[in-house]
Amino acid sequence: QVQLVESGGGLVQAGHSLSLSCTASGRTLRTFSVGWFRQAPGQERDFVAAISMRNGGTYIAHDVQDRFTISGDNAKNTVYLIMNNLKPEDTAVYYCAADPDGIVAGMPTPYDYWGPGTQVTVSS
């Protein structure tokens, strides 16, 4: 019922910034939660950040919370991940995911819908 598409990935030098977008179609995200996850080849899928589109509450992984922020725009049905001071270890495919139940979770299991991902590569 919900289609998610990420955009904004690319190649960036360490120390620079990059912003990702997740745009949904099919349903409004106003009562959803939306999360960002990342996965390097052969590695586990790790939580990055999540937001309640109902009340704006956010949850950011402790290892990136001093560098990354998440925001939502219900008018555009879009969620953003703003990544500052990028490091080579941030290199991964970044996925957005949506949960109709609005659970702001730091793990993948509550999320029902997933985008195809966008590649972020950080050079040293």
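This structure is a prediction, so every number in the text was calculated from the model and none was measured.

Conventions we followed
- Residues numbered from 1 in each chain as written.
- Predicted model: local features only at pLDDT ≥ 70, side-chain atom pairs only at ≥ 80, totals over all residues.
- Heavy atoms only, no water.
- Phe/Tyr/Trp six-rings, centres within 6.5 Å; stacked < 30°, edge-to-face > 60°.
- Helix = DSSP H or I, 4+ residues; strand = E, 2+ residues; numbered from the N terminus.
- Buried < 20%, exposed > 50% of the residue type's maximum accessible area, 1.4 Å probe, protein only.
- Lys NZ or Arg CZ within 6 Å of the ring centre and 35° of its normal.
- Pairing = 2+ DSSP bridges.
- Axes fitted to C-alpha atoms, helices over the stretch in contact; angles between N-to-C directions.
- Salt bridge = Lys/Arg side-chain N within 4 Å of Asp/Glu carboxyl O.

*Asks:* Whenever I open this one, the packing of aromatic side chains confuses me. Can you help?
*Replies:* Working definition: an aromatic ring pair is given by the centre-to-centre distance plus the angle between the planes. For the coordinates displayed, the defined rule picks out 5 aromatic pairs. Arranged with centres 5.1 Å apart and planes meeting at 50 degrees, the rings of Phe-37 and Trp-114 form a pair that is tilted. A residue pair is termed long-range when its members are at least 10 positions apart, and Phe-37 in strand β4 (residues 33-39) and Trp-114 in strand β10 (residues 113-114) qualify at 77 residues. Its relative accessible area of 0% is what places Phe-37 among the buried residues. Pairwise contacts between aromatic rings join Phe-37, Phe-47, Tyr-59, Tyr-111 and Trp-114 into one cluster. Over the face of the ring belonging to Trp-114 we find Arg-45, whose NZ or CZ atom lies 4.3 Å from the ring centre.

*Asks:* How do you make sense of the sheet that holds strand β1 (residues 3-7) when you look at a structure like this?
*Replies:* Hydrogen bonding along the main chain pairs the strands of a sheet, whether they run parallel or antiparallel. Strand order in the open sheet made by the 4 strands is β1-β3-β8-β7, with antiparallel pairing throughout. Across the chains shown, the open sheet's two edge strands, defined by having one partner strand only, are β1 and β7 (68-73). Pairs of neighbouring strands in the sheet enclose a mean axial angle of 15 degrees, with direction left out of account.

*Asks:* How should the pattern of salt bridges be read in this particular structure?
*Replies:* Pairing is possible between side chains that carry opposite charge, provided their charged atoms lie close to one another. Counted by the stated rule, this structure contains 3 salt bridges. Notably, a salt bridge pairs Arg-67 with Asp-90, separated by 2.8 Å at the nearest N-O pair. Taken together, the residues span a long stretch of sequence, with Arg-67 in the loop between β6 (58-60) and β7 and Asp-90 in the loop between β8 (78-83) and β9 (92-99) at a distance of 23 residues. Judged by its relative accessible area of 0%, Asp-90 falls in the buried class.

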